[in-house]
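Single-letter residue listing:
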Amino acid sequence: MNQLKQTAAEAVLCKINALTDTANLSADDIAGMFEYPPDPKMGDLAFPCFKLAKTLRQAPPKIAAALAENLSIPGISRVEVAGGYLNLFTDKAGMAANTVNTILAQKESYGGSHEGDGKTVVLDYSSPNVAKPFHIGHLGTTVIGHSLKKLHEFSGYHCIGINHLGDWGTQFGKMIVAYRKWGNRANVEAGQCDALVDLYVKFHEEAEKDPSLNDEARATFTALEHHDPECMELWKWIIEISLKEYEKTYKQLGITFDSYNGESFYSDKMPAVVEELKSKNIMVIDDGASIVDLSEYNMPPCLILKRDGSTLYPARDIAAALYRKKTYNFDKCIYVTSAGQNLHFAQWFKVMELMGYDWAKDELVHVPYGTVSIDGGKLSTRSGNVVLLRDLFNQAIEKVSAIMEEKNPDLPDKEKIAESVGVSAIVFYYLSSGRIRDINFIMEDALSFEGNTGPYAQYTYARACSIVSKAENTGMTDLDSPVSIAGVTLTEEENALVKTLALFPDKVAQALHEYEPSVITRYILDVCADFNRFYHDVQILTCEDELLRAVRVKLTMATKYVLGSAFDLICIGKNEKI
Ligand code: ARG
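Computed from a predicted structure; not experimentally measured.

Trainee: If you had to explain the overall build of the protein to someone new, which residues and values would you point to?
Mentor: A count of helical and extended segments in the protein gives 22 helices and twelve strands. Its C-alpha atoms give the protein principal-axis dimensions of about 80 × 65 × 40 Å. A buried classification covers 55% of the 578 residues belonging to the protein. Pairs at least 24 residues apart make up 74% of the contacts formed inside the protein by residues separated by at least 6 positions. Just so you have it, the protein exposes about 25700 Å², and 49% of that area is on carbon and sulfur atoms.

Given below as structure tokens:
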């Protein structure tokens with residue numbers, strides 16, 4: 001948490017406890033009540049007294065006045081009562097010294113917390129359906145999922161990232177049928193994932209004309225479920241080819257997983273789940289299929305087994321949740337998927353509860369996100385009219401390369417940097433809006449070096465890095481040592497930057513609790529705006545006053561740490577030069 005807020009909360013709590021012994025509030029409760037006033041005239045931090053009116057049996061302005069009396073808070077130079085509010089004004093130099101020195105001391109861990117110490121969180125994300133193309137619709141689950149993992153790790157949680165591959169199901173029946181009818185080994189070896197996608201698309205085209213192909217696919221999947229050796233071999237091969245392709249994308253994003261146990265991993269764990277559902281009398285047979293009736297909860301039935309006895313998606317999720325609970329003893333298991341799966345998750349979460357797993361209610365968390373379209377066109381996997389993530393990234397890299405070639409033709413390691421900036425531009429753009437919003441991707445906007453974009457943020461980071469390294473080159477060696485700001489009057493721009501940097505721990509907590517990486521993206525833009533204003537307003541390296549120069553370089557150093565950590569949290573590359 002923001003340090004000043006914590007100190008202020010403790011001081012206010014002391015006051016409240018002196019006024020009454022029935023408040024029963026903790027410092028955290030008080031900290032949660034603080035607000036950041038929209039206008040600096042109303043202070044840097046405000047405490048609204050309205051909620052205390054009941055406990056203290058007094059009007060809010062009276063409470064504010066009572067709390068203000070002799071209130072002394074380190075870092076706060078003035079306290080004002082305004083209606084039912086207590087407005088706190090920071091001692092600017094003190095606050096700057098405190099913030100900058102805290103950041104310089106904590107370095108990369110500034111902004112993190114110990115909230116999750118001793119707790120385990122499983123995150124299920126990316127999880128593409130193998131044998132179908134990895135398309136732009138997967139961007140959300142992949143980058144939101146990984147950001148949530150980073151946010152949890154930063155806050156002390158032990159995290160397990162699982163790529164719950166869709167590596168089991170009728171689509172493999174389709175793929176195998178298509179391969180046998182229209183494919184051959186040499187072709188697929190040569191074309192890799194693209195060849196698989198072509199076969200998949202071809203299957204759907206042909207099945208439109210001849211629906212019996214669907215029955216054939218179903219029968220082939222059943223053969224796979226019964227471990228038919230030839231089917232098994234093809235299945236493994238298809239997965240291998242797909243994973244090779246996904247790995248390239250994951251590498252570009254800097255994403256790794258702790259487990260790739262996908263749906264197939266649970267196939268031998270299914271009979272036990274089915275037995276349990278039967279013995280607990282939860283499952284009924286409906287028109288030959290096995291279902292759990294959820295009409296009492298205003299939901300359609302949850303499908304467990306098809307008529308032919310093969311298992312369905314919800315059943316595999318139930319098996320996976322039970323396995324994960326047993327294996328990792330998680331405190332929380334988070335699933336990141338498109339909002340199109342809201343019902344699916346609501347249904348099987350409810351089935352878990354009906355099975356008597358009380359923990360499911362609090363510990364299983366579905367984090368949905370909206371749809372993505374590019375320049376207005378809707379995306380679909382079936383028709384072949386899909387935008388592959390790989391193509392999107394390549395396009396971005398190409399365009400960024402061209403811009404960089406113009407701006408900085410002599411940059412060493414150009415290709416690698418262009419790749420990082422290009423991919424990050426897409427991620428940044430995507431994570432700029434709240435996750436539940438539907439997004440229409442406008443490539444030009446995402447890639448621009450001006451405006452609120454990834455390249456602009458990375459450019460700002462590189463600018464901070466360059467100032468720091470120039471300072472080092474001119475002999476400043478103690479960049480991480482504390483700075484004394486007493487007696488220095490900071491400019492408005494400097495104070496604004498300090499204030500924003502001080503907010504980082506709060507923003508991390510907010511992003512974590514709301515499962516919302518966009519809080520970090522937007523915060524990065526605030527830091528960039530404040531830093532660039534500061535950079536244009538004052539002289540940093542050329543400042544004649546030695547103390548002031550040190551303060552400014554250290555403020556730049558602190559900005560570099562905060563931006564770097566924030567980039568890490570949302571899978572954005574950190575490049576010291578662009
Ligand atoms: N494979 C699924 C899809 O692409 C997503 C899986 C999400 N995770 C889960 N445990 N259901 O739609």
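Trainee: Could you give me a rundown of the environment of Asp198, with the residues and numbers involved?
Mentor: Mapped onto the fold, Asp198 is located in helix H8 (residues 185-209). When the C-alpha atoms of Asp198 and Val188 are compared, they prove to be 9.8 Å apart, with ten residues separating the residues in sequence.

Trainee: How would you explain the packing of helix H15 (residues 389-407) against helix H16 (residues 414-430) if you had to name every residue and give the values?
Mentor: For any two helices packed against each other, the geometry comes down to the angle between their axes and how far apart the axes lie. Between H15 and H16, the shortest axis-to-axis distance is 8 Å and the interhelical angle comes to 125°. Relative to H16, the element H15 lies oblique. Once H15 is placed against H16, the crossing between them reads as right-handed. Only Lys414, Ile417, Ala418, Glu419, Val421, Gly422, Val423 and Ile426 of H16 make contact with H15, whose side of the interface consists of Leu392, Phe393, Ala396, Ile397, Val400, Ser401, Met404 and Glu405. For the contact of H15 with H16, the residue count by class is eleven nonpolar, two polar and three charged.

Trainee: Break down the pairing of strand E6 (residues 283-286) for me, with residues and values.
Mentor: Across four bridges, E6 lies against strand E7 (residues 289-292) in antiparallel orientation. The partner of Ile285 across the bridge, within E7, is Ser290. Counted between consecutive antiparallel strands, the loop separating E6 from E7 contains two residues, among which Asp287 sits at a positive phi close to 50°.

Trainee: I'd love a proper account of the site of the ligand, names of residues and values included.
Mentor: Close to the ligand lie Asp124, Ser127, Asn129, His164, Tyr313, Asp317, Tyr335, Thr337, Gln341 and Phe345. For the ligand, a nitrogen atom lies 2.8 Å from a polar atom in the side chain of Tyr313. Between the ligand and the protein, one listed contact pairs an oxygen atom with a side-chain N or O atom of Gln341 at 2.8 Å. With the chains in place, 88% of the 350 Å² that the ligand exposes on its own is no longer accessible. Residues belonging to the shell around the ligand are distributed by class as follows: three nonpolar, five polar and two charged.

Trainee: Go over the environment of Asn24 with me, naming the residues and quoting the values.
Mentor: Turning to its location among the elements, Asn24 is positioned in the loop between helix H1 (3-19) and helix H2 (27-33). The class for Asn24 is exposed, based on a relative accessible area of 76%. Separated by eleven residues in the primary sequence, Asn24 and Leu13 have C-alpha atoms spaced 9.9 Å apart.

Trainee: How would you explain the sheet that holds strand E9 (residues 332-338) if you had to name every residue and give the values?
Mentor: Here four strands make up an open sheet; going across it, the order is E5-E4-E9-E10 and the pairing parallel. Each edge of the open sheet carries a strand with a single partner, namely strand E5 (158-162) and strand E10 (364-369). Between one strand and the next, the sheet's axes are offset by a mean angle of 20°, whatever the strand orientation. Relative to E10, E9 runs parallel, the two sharing six bridges.

Trainee: A description of helix H9 (residues 212-225) should follow, citing residues and the corresponding values.
Mentor: Count 3.6 residues to each turn of an α-helix, and residues three or four apart come out pointing the same way. Compared with an ideal rise of 1.5 Å per residue, which puts 14 residues at 20 Å, H9 spans 20 Å between its outermost C-alpha atoms and is within 8% of the ideal. Within H9, burial applies to Leu213, Ala217, Thr220, Phe221 and Leu224. Buried residues in H9, looked at end-on, bunch into an arc of 100°, giving them a common side. Its buried side turned inward, H9 meets helix H7 (170-182), H8 and helix H10 (229-253). Of the residues flanking the end of H9, it is His227, one or two places downstream, whose phi is positive at about 60°.

Basis of the calculations
Residues numbered from 1 in each chain as written. Predicted model: local features only at pLDDT ≥ 70, side-chain atom pairs only at ≥ 80, totals over all residues. Heavy atoms only, no water. Helix = DSSP H or I, 4+ residues; strand = E, 2+ residues; numbered from the N terminus. Buried < 20%, exposed > 50% of the residue type's maximum accessible area, 1.4 Å probe, protein only. Contact = heavy atoms within 4.5 Å. Areas by Shrake-Rupley, 256 points an atom, 1.4 Å probe, with all protein chains shown as cover. Axes fitted to C-alpha atoms, helices over the stretch in contact; angles between N-to-C directions. Parallel < 35°, antiparallel > 145°, perpendicular 65-115°, else oblique. Left-handed = near helix turned anticlockwise from the far one by under 90°. Nonpolar A, V, L, I, M, F, W, Y, C, P; charged D, E, K, R; others polar. Pairing = 2+ DSSP bridges. Near = heavy atom within 4 Å. Polar contact = N/O pair within 3.5 Å; in protein donor to acceptor, adjacent residues only side chain to side chain. Expected span 1.5 Å × (residues − 1). Arc of directions from axis to C-beta.

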